[in-house]
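Understanding the architecture of this molecule
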Amino acid sequence: MSSIKAPRSPKRRAQTRERIPKIGFVSLGCPKALVDSERILTTLRAEGYEVAPTYEKADLVVVNTCGFIDAAVDESLQTIGEALERNGKVIVTGCLGARPQRILERHPRVLKVTGPQSYAEVISAVHEHLPPRHDPFLDLVPPQGVRLTPRHYAYLKISEGCNNKCSFCIIPALRGGLASRRIDEVLREAERLSAAGVRELLVISQDTSAYGADIRYAPAAWRGEEYRTRFIDLARGLGTLGIWIRLHYVYPYPHVDEVIPLMAQRRVLPYLDIPFQHGSPSVLKRMRRPAHSEDVLRRIAAWRERCPDLTLRSTFIVGFPGETESEFEELLDWLDEAQLDRVGCFKYSPVEGAAANALHGHVPPEVQEDRYARLMERAAAISAQRLARRIGTRMRVLVDAVGEGGAVARSEADAPEIDGTVRIAAAEGLRPGDWAEVEILSSDIYDLHARLDAAVATSPTPR
Ligand code: SF4
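Residues numbered from 1 in each chain as written. Predicted model: local features only at pLDDT ≥ 70, side-chain atom pairs only at ≥ 80, totals over all residues. Heavy atoms only, no water.

With respect to the side chain of R181
Applicable threshold: The secondary structure listing takes helices from DSSP runs of H or I that are at least 4 residues long and strands from runs of E that are at least 2 residues long, numbered from the N terminus. In protein, a polar contact requires one atom able to donate a hydrogen and another able to accept it; more generally it is a pair of N or O atoms within 3.5 Å, and residues adjacent in sequence count only if both atoms are side-chain atoms. In what follows, a contact means two residues having at least one pair of non-hydrogen atoms within 4.5 Å.
With respect to the helices and strands, R181 occurs in the loop between strand 8 (179-180) and helix 7 (183-195). Within the structure, the side chain of R181 is placed 2.8 Å from the backbone oxygen of K157, a separation counted as a polar contact. Of the polar contacts made by the side chain of R181, one reaches the side chain of E185; its length is 3.0 Å. Leaving out residues up to four positions away in the same chain, R181 has contacts with R39, K157, I158, S159, V186, E189, Y211 and T229.

Remarks on the sheet that holds strand 1 (residues 22-27)
As a general point, the strands of a sheet are linked pairwise by backbone hydrogen bonds and lie either parallel or antiparallel. In plain terms, the rule: One requirement defines pairing of two strands: DSSP has to find at least two bridges between them. Axis definition: a line fitted to C-alpha atoms, limited for helices to the stretch in contact. Angles are taken between N-to-C directions and run from 0 to 180 degrees.
Strand order in the open sheet made by the five strands is 2-1-3-4-5, with parallel pairing throughout. On the outer flanks of this sheet lie strand 2 (50-51) and strand 5 (112-113), each paired with one strand and no other. Bridge count between strand 1 and strand 2: two bridges; the pairing is parallel. From the neighbouring strand, I23 faces strand 2, where its bridge partner is V51. Across the face of the sheet, helix 3 (residues 70-86) comes into contact with strand 1, strand 3 (60-65) and strand 4 (90-94) while running at roughly 180 degrees to strand 3.

Notes on the side chain of S159
Among the structural elements, S159 can be located in strand 7 (residues 159-160). For S159, the contacting residues outside a window of four places in its chain are L178, A179, S180, R181, I204 and S205.

Description of the environment of Q339
In this structure, Q339 sits in the loop between helix 12 (325-338) and strand 15 (342-347). Each C-alpha atom, one on Q339 and one on A379, is 8.3 Å from the other, the two residues being 40 residues apart in sequence. Excluding its chain neighbours within four sequence positions, the residues that come into contact with Q339 are R304, I382, Q385 and R386.

Digging into the nonpolar core
The tendency in soluble globular proteins is for nonpolar side chains to be buried as a group. Formally: To form a nonpolar core, buried Ala, Val, Leu, Ile, Met, Phe, Trp, Tyr and Cys residues must be joined to one another through side-chain atoms within 4.5 Å. For every residue, the accessible area (1.4 Å probe, protein chains only) is compared with the maximum for its type, and the residue is labelled buried under 20%, exposed over 50%, or partly exposed between those bounds.
Among the nonpolar cores identified, the biggest contains 55 residues, and L201, L238, V259, L272, L340 and L375 are the most heavily contacted of them. In this structure, V26, V73, I80 and L96 belong to the second largest nonpolar core, which totals 18 residues.

Here we look at the pattern of salt bridges
Going by this rule: We define a salt bridge as a contact between a side-chain nitrogen of Lys or Arg and a carboxyl oxygen of Asp or Glu at a distance within 4 Å.
Tallying each qualifying case throughout the model produces 40 salt bridges. Note that D233 is salt-bridged to R230, the shortest N-O span being 3.1 Å. In this structure, R299 engages D257 in a salt bridge whose closest nitrogen and oxygen atoms are separated by 3.1 Å. A residue pair is termed long-range when its members are at least 10 positions apart, and R299 in helix 11 (residues 296-306) and D257 in the loop between strand 12 (244-247) and helix 9 (260-264) qualify at 42 residues. Connected through shared salt-bridge partners, E323, E325, E329, D370, R371 and R374 make up one network.

As for the site of the ligand
Which entries qualify depends on this criterion: Consider each residue's heavy atoms; a residue with any of them within 4 Å of a molecule or strand counts as near. When residue character is reported, Ala, Val, Leu, Ile, Met, Phe, Trp, Tyr, Cys and Pro are called nonpolar, Asp, Glu, Lys and Arg charged, and the others, Gly included, polar.
Near the ligand, the surroundings consist of C162, N164, C166, F168, C169, I171, P172, Q206, Y251 and R289. Residue composition of the shell around the ligand, grouped by class: seven nonpolar, two polar and one charged.

Rendered as structure tokens:
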């Protein structure tokens, strides 16, 4: 026998909302940590918890920390202190959580510390300190889960951990070895996100080019076709969705060449985010970087020949232990030849537990500062020159935000948060998440300025 539930009165609804347990959530660090946060929040929302917008409105706060470099550790510790002061009930998770003594020494009042990817532990700690209250009217979660990014783009995490041993990094110690998600699971998630209105997927991991190596490139079926759990099949599968697919954290191994034709056909965006970190072979060797012996400049030239619109983004570390002036100049020369479109730079700082700490020749801070400024100046000049070539061209952009001064959008060449933007002064009728056709009028160091031609409804790539 079936029964129909009577609608609840406004008073009952108000009472129910009163007792909904509310979680405050702070997510620090990289997009990988953001995806972990989304998973935890999705589970909590499915269990009937609500997300509170402020510390004061929450019954309990979860802080997802970053422990990558010392500055990130400081930020994490400060945030935990702030959450304790303004709320009082705090659970800590994430990379810094792998070193609980570091947290507990400074903040002994935290309720629980868990490490990275400890979803189940975080959830059970929340249950212990703030039990869930079941309400079938409020426990509904959208099928694509809870996302912390705007509706029109989403991060797609394909694996956890890393098998590399870069000497400045402790992520493998914190997060463990490479653990890839099977390709059918990843493609199904991508399909759900696309169906929910996501127009751009950003593929992330610690090493996207190594995807599937740990599970021997396991085969699986999706939409009636066989795919293997490997980089090129992932690009091929995602390329059928008809939305923007952006690949991050790819290393320049020979098999990456195979994705370039898919980029030339716009199945995936002609964009590669490759953290090169340096241009001097001797420094790269001391860093123990993956693919450090590859002839990267030759490879970049070959990629550009096959796909002239390819955008290359990278990050670099200056002042790595033992870096001499001539090794640094080698890096500058390398940049001149590589002509990267987007460049980020860090000054080396030691991380507790990293092998590089034991290297000789730590570079004084004032030398690091000087090299940082010189590298950024060189990169800015290259960026400005490359952007100026776009003046007069037409392109399709994705609108991120619309305000009084117009719209902020991104082209194929711009990843959210880290790259430049396309600014549209008169953006009548545009909304965040819209595609638009624009004509580029001018450029500066990192951004383009455009005139709106038309808002467009269709997807940018063939399905
Ligand atoms: S590739 Fe290197 S820097 Fe990146 S997570 Fe792995 S060990 Fe760390």
